[in-house]
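# Structural overview
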Amino acid sequence: MSGVDLDYPEGAESIYVLARKVNDFMPNHMYHLTTSALERIGKKLKGSKVAILGWAFIHDSDDARNPPSEPYRDLLMGAGAEVAVHDPYVSSYPGVELAKDLEEVLRAADAVTIMTAHREYFKLDPSYVKGLTGKKHTVIVDGRNVVDADKFIERGFVYKGIGRGDKNGHEIRMP
C-alpha cells in the first residue's frame, strides 16, 4: 500500500471528535425523551420522581469517571424533578446519593431511566417494576436497549429508547 495516504481527510472533523460529540449529546437526548414521555401521560418533569438506573460509565463496573448520568441528573434536577439513583457497583460519587436498594429507587417513580447496561437491568420485569411504581402508566426510557420494549408497552408503560424510533411513538395501552 505504498503511496496511499491513510490519514483522515484534511480539514474534516475527526471521527473520534464526532463520536465524542454524539456521546456528549446523549444526556440531553435522554432528557428530551424523558420529558416527551412524561408529557404523553400528562405530567411535567417538575414534581415527577425519576429513577436513574446506573451511574457507572461502563456496564458491570464501578468506573464512574465522567458518567453521562451526571449531566442527565443535573438537567432533571434543574427542571424540578425528584431524582433517585441506583447502581449496584458504584458505592460513592461526590454529591450524589447512590442507593443499593433497587426497590427503594423504583418505588413511586413516574419515570425509570436506564443509563448503564448493568446485567441486573436486563432482568427487569415489567410487572415487578409497575408494582413498585404503583402507577397506571409509568415511563421507561432505555438508554442502553436492555429491556424488551414490547413487554413494557404491553403492561401500559410509555416506552422511549435510544435508537428506537420504531417503538418511541407507540400507542399507550391500558394495563
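My aim in this report is to walk through the structure given alongside it, one point at a time. (Residues numbered from 1 in each chain as written. Predicted model: local features only at pLDDT ≥ 70, side-chain atom pairs only at ≥ 80, totals over all residues. Heavy atoms only, no water.)

Let's shift gears to the environment of Met115. Checked against the element boundaries, Met115 lands in the loop between strand 4 (111-114) and helix 4 (119-122). Taking C-alpha positions, Met115 is 5.9 Å from Leu53, a pair spaced 62 residues apart along the chain. In this structure, Met115 is in contact with Met30, Ile52, Leu53, Gly54, Pro68, Ser69, Tyr72 and Arg144, ignoring residues within four places of it in sequence. (Helix = DSSP H or I, 4+ residues; strand = E, 2+ residues; numbered from the N terminus. Contact = heavy atoms within 4.5 Å.)

Considered for burial, the residues of helix 2 (residues 69-78) that qualify are Ser69, Tyr72, Arg73 and Leu76. Buried residues along helix 2 cover an arc of 100° about the axis, so they all sit on one side. Against the buried residues of helix 2 lie helix 1 (15-40), strand 1 (49-53), strand 2 (82-86) and strand 4. Within two residues after helix 2, Gly80 carries a phi angle of roughly 90°, on the positive side. (Buried < 20%, exposed > 50% of the residue type's maximum accessible area, 1.4 Å probe, protein only. Arc of directions from axis to C-beta.)

The next thing to look at is the packing of helix 1 against helix 2. Where helix 1 meets helix 2, the axes come as close as 8 Å, and the angle between the chain directions of the two elements is 40°. It follows that helix 1 is oblique to helix 2 by the angle criterion. Note on packing geometry: the crossing formed by helix 1 with helix 2 is right-handed. Here Pro27, Asn28, Met30, Tyr31 and Thr34 of helix 1 come into contact with helix 2, specifically with Pro71, Tyr72, Leu75 and Leu76. (Axes fitted to C-alpha atoms, helices over the stretch in contact; angles between N-to-C directions. Parallel < 35°, antiparallel > 145°, perpendicular 65-115°, else oblique. Left-handed = near helix turned anticlockwise from the far one by under 90°.)

Moving on, we get to the sheet that holds strand 3 (residues 98-99). Spatial strand order, 3-2-1-4-5-6: six strands in an open sheet with parallel pairing. Edge positions in the sheet fall to strand 3 and strand 6 (158-161), since each has one partner strand and no second. Of the pairings in the sheet, the one linking strand 1 to strand 4 comprises four bridges and is parallel in character. When the sheet's bridge partners are listed, Leu53 is paired in strand 4 with Ile114. Contacts from helix 1 reach strand 4, strand 5 (139-142) and strand 6, with the element oriented near 165° to strand 6. The strands that helix 2 touches are strand 1, strand 2 and strand 4; relative to strand 1, the one it contacts most, it runs at about 175°. (Pairing = 2+ DSSP bridges.)

Everything listed here is a matter of coordinates, which is why it stays silent on function.
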